[in-house]
Each structure stands twice: as structure tokens, then as C-alpha cells.
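If you want the building blocks of each chain, they are given just below.
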Protein chains: 2
Amino acid sequence: MARMSAADRRSALIEAALRVVSREGLAQATTRAIVAEAGMSLASFHYAFESRDELVDELIGAVVARERKAVAPEELVAAAGEGATLAELVEAGLLRYFEHLRADPEHEQAMLELTQYALRSPERHPLAVAQYERYAELVVEALEAAAALTGARWRLPVEHVARVLVAFTDGLTITWLVDRDDAAAARVVAAAADALSRMADPR
Amino acid sequence: MARMSAADRRSALIEAALRVVSREGLAQATTRAIVAEAGMSLASFHYAFESRDELVDELIGAVVARERKAVAPEELVAAAGEGATLAELVEAGLLRYFEHLRADPEHEQAMLELTQYALRSPERHPLAVAQYERYAELVVEALEAAAALTGARWRLPVEHVARVLVAFTDGLTITWLVDRDDAAAARVVAAAADALSRMADPR
DNA sequence: GACGAACTGGGACAGTTGACCCAGTCGCCT
DNA sequence: AGGCGACTGGGTCAACTGTCCCAGTTCGTC
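Residues numbered from 1 in each chain as written. Chains lettered and ligands numbered in written order. Predicted model: local features only at pLDDT ≥ 70, side-chain atom pairs only at ≥ 80, totals over all residues. Heavy atoms only, no water.

Chain A has the name HTH tetR-type domain-containing protein in an unreviewed UniProt entry, where Agromyces mediolanus is given as its organism.

Structure representation (C-alpha cells):
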């Protein structure tokens, strides 16, 4: 392996770890599997990280930090049409997320596993909380943009609406990962969009 | 350890395994941890089961089979009041589930972990599918009873409605396990009940 | 009470895993 | 060019885990 700085090595290992976790699950993401994926020796691992636990913690932090807006509101308007209602916009956004899930199911499965892992120990629980706060944050932006675009007003604090949407999204994710039923997922999306849009007053 | 039949031993081990998984997670549910919980020796384990994998598969089957109606419709009527609407009944049912979740979060977390474990290997995927089919089945019964009690009629096949409700329930579960925010959970419940009840025509 | 089969306990073993150590090599700075 | 600190590779270790074996014990049946 070529020489690289400790910082580069850390991120290379984190990338490799994410690939291993996605492909084979967290339990199979041993130090050896990760360094093999990254093409390094075991010593490099412990040169860059104190322990496997430290890497997993960083991995969670990294995936959370990288989580990007799945939806740019402008695109949604393009997708949903010019005079789209709030419900239509929300539905278009959920469908966008669903496409993302279908394109890379293993990634979402990895996220779920990382959440569960974090939930298992008190000192890591905050990582899971941060992960979901990040989700909520992204959703808040989207919901505000959607309301602005349609002239609607959220009747509840938008953070509350976002939290509900995050829950719906999670349910959609798990159930689809289990049954891979696209039509059923579409019904969840429609119901969620309907419920969500009722939390706002139209313009 | 007293003598017991292989069948008794199998179920005792499965019970013990469920306790270990709930308390410490699937990864920590080693053969030794399980027999310690059951108060047996390691040899008894492999006398009763071919392998740890076999036990885990049986465990999934067992928890799925044991999954009982969380809600008896009559109780819900009592809880929601005599002239309750469909939406109120659905909400009462969801709240009943939520109380169950609050009373034993570790159990629901264990169920989630078992699902994810099953999702990870093709030959076990059907176990997860069966698990969710069982959930849907229970929900179907409840939804039909609720519709009958209020004289409402589901506009979609009730199986479709059930699948949506299962997804909402999962989302509620995960997000609450993460943030333990009861008020936020109540909002999810209300939104879900609203969305669901719109899938029916009132009497 | 004797007998065979069912059952049990303790120990053993090989494979895996996280961690680490040390001798060596490389790249940068002076 | 030389030196020093950063980095690397390979080997090693103890702990843990799943599995298995075997000598012994206990139970139901005759």
C-alpha cells in the first residue's frame, strides 16, 4: 500500500467499512474484512484507529454528516408540475426517496443496522439521536421549501411535521426491504403524503 | 440441570435466547451466553440444536408464531367510547401498541434485529417475510373488526390498508426507540390514524 | 433391580477476531 | 546527503466462539 497520511487512511478505511457493512452486514465487518476491502494491512488499521469501535463510531458520524438532501425542491416542482399542491409535492418527494432506496437498498439497510448498533449501548445512543436529528433537519428544509412553493402554511411547528415524515419514511424502508413490494410502498407513500399535507392549511 | 426432554429443552433455550437478545443484542447472544441464561451446559445446547444458526431460525419462527393480537377490538371500543369513529378506533389501537412498545422496548428492538438478521441471507429472507405477513394478518383482523364495529367500509382491500399500518407502526417504533419522545410518537399515531381512516367510507 | 437409551457435564479443539509489537522503509526537512 | 519521524508489513498473542467428544448419570421399562 502506498503511503498516505493518517487522515487519508482514516477516511479510506471508513469508506471501505461502509462498503463492507452494506454488502455483508455490520457483524461481518471485522477489522480484517475492512482492511482487505481497503487493500491495506492490519497494522495500518490500528495505526489510524484505536480500535474497531472507534472506527464504527466514526463511520456513523461520517454517514450522518454526508447525508444530503435527497430532494431539491425545484426538481420536485419540475416532477410534480407547475401548479402542484402541497400533497403532490410531498408525494413527489417521498417517491424520490423511494427511488433512492430502490437504487441502493443495501445502503439503507446498513444505515438501519448502524442505528440499531448505536441504540445498544448508552454511550453510543447519542449517535443514533444525532442521525435522526440530521434526517429531521433535512426534511424540515424540504417541508419549508414545499410550503413556500405552494403558499401553504404548516399548522404545527415544521419540526413536528418532519418527525412524522421521518417515521413514515423509516416504516416504508423496512417494510419494503422485507417484501420488496413496490405497489404496497406506493400506497404507503400516498397515505403518508395525504396525512402530512393535512398538517398544513392551503394558501 | 434437571433432566428434560429434547423438546422442552429446545423451547427453554429459545426462551433464554430471546431474553439474551432482548437484553444484549443478537451479536452478544453466543451459545455460551444462551446456555448460561438457561442454566444449562454447552453440551445440552448441541444436544437440542444442530447449530446456533438453527436456534436463531427457530427463535424467529417462535416469536412470529407467538405474536398475538395486541388489540382486542372490544377493549378498544371500551377505550375509545361507544360511539367512536373509525379514526378514533384506529388511533386507540395504535396507542395500545405504543403502550406495549413503551412497556418492553427491548423486545421490539430484538424483533427488529431479528428481522435485519433474516434480511441478510437469501435463505433466511423468507423468515422476515413470514414475520411481516403475520403482522399484516393480525392487523387485518383488527381493521376488519374496527370497520364492522363502526359500520365503515374499507375502500381498498383490507390487506392493503394493513400493510400501510404495519409500515407506520415500524416507523413509530424505530423513531421512538431512538428519541424516546412520547409527544412526537403521539403525533405519528394521530397522523397515521387520520391517513388510515381516510381509506374507508364511513357508514 | 437390571438394562438400555436418553440425557448431562466437563473438557478439548480449531478457527476467528481485536489488538499489538517491532523491525524495517519511506519521505520530508534541513 | 543525512537524519528523523511518519508510516508499513508481517508475525504474534490472548480471548472468544461454535462445535464436538466422551465418560458418566439418570430415567422408564421389563
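Picking up where we left off.
Asks: Would you mind showing me how to read the overall build of chain A here?
Replies: Scanning chain A from N- to C-terminus turns up 10 helices and 2 strands. The burial tally for chain A puts 53% of its 203 residues in the buried class. Per element, the accessible surface of chain A, about 9,100 Å² overall, is 53% carbon and sulfur. Averaging the locations of the 22 positively and 32 negatively charged side chains of chain A gives two centres separated by 2 Å. (Helix = DSSP H or I, 4+ residues; strand = E, 2+ residues; numbered from the N terminus. Buried < 20%, exposed > 50% of the residue type's maximum accessible area, 1.4 Å probe, protein only. Areas by Shrake-Rupley, 256 points an atom, 1.4 Å probe, with all protein chains shown as cover. Lys, Arg positive; Asp, Glu negative; His and termini not counted. Charge placed at Lys NZ, Arg CZ, Asp CG, Glu CD.)

Asks: Would you take a moment to explain the environment of His125(B) for this structure?
Replies: For His125(B), the position within the fold is in helix α8 (residues 125-150). Sequence spacing of His125(B) and Thr115(B) is 10 residues, and the spatial spacing of their C-alpha atoms is 8.5 Å.

Asks: Please explain the domain arrangement of chain A as it appears in this structure.
Replies: Much of the literature gives interface size as the accessible area that the parts lose upon coming together. Residue and element names in this part refer to chain A. Domain annotation of chain A identifies domain 1 (6-64) and domain 2 (70-201). Between domain 1 and domain 2, the C-alpha centre-to-centre distance is 29 Å. Across the boundary between the two partners, domain 1 contributes 13 residues, which contact 13 residues of domain 2. Across the domain 1/domain 2 interface, buried area totals approximately 1,200 Å², and carbon plus sulfur atoms make up 70% of it. For the domain 1 face of the interface with domain 2, the top three residues by lost area are Leu 26, Ile 60 and Val 64, together amounting to 42%. Inspection of the region where domain 1 meets domain 2 yields 1 salt bridge. Residue Arg 124 is joined to Asp 57 by a salt bridge in which the shortest nitrogen-to-oxygen separation is 3.2 Å. Here domain 1 and domain 2 share 3 residue pairs in polar contact (both at pLDDT 80 or more) between them. For the side of domain 1 that touches domain 2, the leading source of residues is helix α4 (residues 52-66), giving 7 residues. (Domains from an automatic or database assignment. Contact = heavy atoms within 4.5 Å. Buried area = accessible area lost by both parts, 1.4 Å probe. Salt bridge = Lys/Arg side-chain N within 4 Å of Asp/Glu carboxyl O. Polar contact = N/O pair within 3.5 Å; in protein donor to acceptor, adjacent residues only side chain to side chain.)

Asks: Help me out: how do you make sense of the UniProt feature "domain: HTH tetR-type" (unreviewed entry) in chain A in this one?
Replies: The positions that UniProt labels "domain: HTH tetR-type" (unreviewed entry) are, in the present scheme, residues 7-67 of chain A. As annotated, residues 7-67 of chain A comprises 79% helix and 0% strand, and the C-alpha atoms at either end are separated by 21 Å. (UniProt positions renumbered as here; feature names shortened; annotations may be inferred.)

Asks: What's the story with helix α8 (residues 125-150) of chain A in this structure? I'm lost.
Replies: Given 3.6 residues per turn, any residue in an α-helix points the same way as the ones three and four places further on. Taking 1.5 Å of rise per residue, 26 residues should cover 38 Å, and α8(A) covers 38 Å from first to last C-alpha, within 8% of that figure. Following α8(A) by one or two positions, Gly151(A) has its phi on the positive side, about 75°. (Expected span 1.5 Å × (residues − 1).)

Asks: What's the story with the relation of the copies chain A and chain B in this structure? I'm lost.
Replies: Note that the two copies of the chain are related through a rotation about an axis and a translation along the same axis. Once chain A is rotated about the relating axis by 180° and shifted along it by 0.0 Å, it coincides with chain B to within an RMSD of 0.1 Å. Considering both components of the superposition, the chain copies are consistent with a two-fold axis. Minimal C-alpha distance to the rotation axis in chain A is attained by Gly171(A), lying at 2.0 Å. An overlap of 100% is found between the interface residues of chain A and their copies at the interface of chain B, pointing to a shared contact surface. (Least-squares fit on C-alpha atoms with pLDDT ≥ 70 in both.)

Asks: Teacher, can you tell me more about the UniProt feature "DNA-binding region" (unreviewed entry) in chain A here?
Replies: Within this structure's numbering, the places UniProt gives as "DNA-binding region" (unreviewed entry) are residues 30-49 of chain A. Within residues 30-49 of chain A, the helical portion is 75% and the strand portion 0%, while the C-alpha atoms at the span's ends are 14 Å from each other.

Asks: Would you mind going over the environment of Phe168(A) with me for this structure?
Replies: Residues and elements named next belong to chain A. Along the polypeptide, Phe 168 turns up in helix α9 (residues 158-179). We classify Phe 168 as buried; its relative accessible area is 1%. Linking Phe 168 and Val 188, residues 20 residues apart in sequence, is a C-alpha distance of 8.0 Å.

Asks: I'm lost on the environment of Leu196(B) in this one. Help?
Replies: Residues and elements named next belong to chain B. Structurally, Leu 196 can be placed in helix α10 (residues 182-197). For the pair formed by Leu 196 and Ala 36, sequence separation is 160 residues and the distance between their alpha carbons is 45 Å. Among all residues touching Leu 196, those that are not within four sequence positions of it are Val 90, Trp 154, Val 161, Val 164, Leu 165 and Phe 168.

Asks: For this particular structure, what's the right way to read helix α4 (residues 52-66) of chain B?
Replies: Residue and element names in this part refer to chain B. The first and last C-alpha atoms of α4 sit 21 Å apart over 15 residues, in line with the 21 Å expected at 1.5 Å per residue. Where α4 is concerned, the buried positions are Leu 55, Val 56, Leu 59, Ile 60, Val 63 and Val 64. Tucked into the core, α4 has its buried residues touching α1 (6-24), α2 (31-38), α3 (42-48), α7 (105-119) and α8.

Asks: Please explain the pattern of salt bridges as it appears in this structure.
Replies: When their charged atoms lie close together, side chains carrying opposite charge are able to pair. Here the structure, examined in full by the defined rule, presents 30 salt bridges over all chains. Across the pair Arg10(B) and Glu54(B) runs a salt bridge whose closest N-O atoms are separated by 3.2 Å. Of the two residues, Arg10(B) is situated in helix α1 and Glu54(B) in helix α4; the sequence distance between them amounts to 44 residues. The exposure class of Arg10(B) is partly exposed, given its relative accessible area of 22%. Relative accessible area serves as the criterion here: at 21%, Glu54(B) is assigned to the partly exposed category. When the shortest N-O distance is used, the salt bridge between Glu137(B) and Arg134(B) registers 2.9 Å. Here the residue Glu137(B) and the residue Arg134(B) both occupy positions in helix α8, the gap between them amounting to 3 residues, near one helical turn. Residue Glu137(B) is classed as partly exposed on the basis of its relative accessible area, which comes to 42%. Judged by its relative accessible area of 16%, Arg134(B) falls in the buried class. Through salt bridges with shared partners, a single ionic network connects Arg19(A), Arg23(A), Glu24(A) and Glu37(A).

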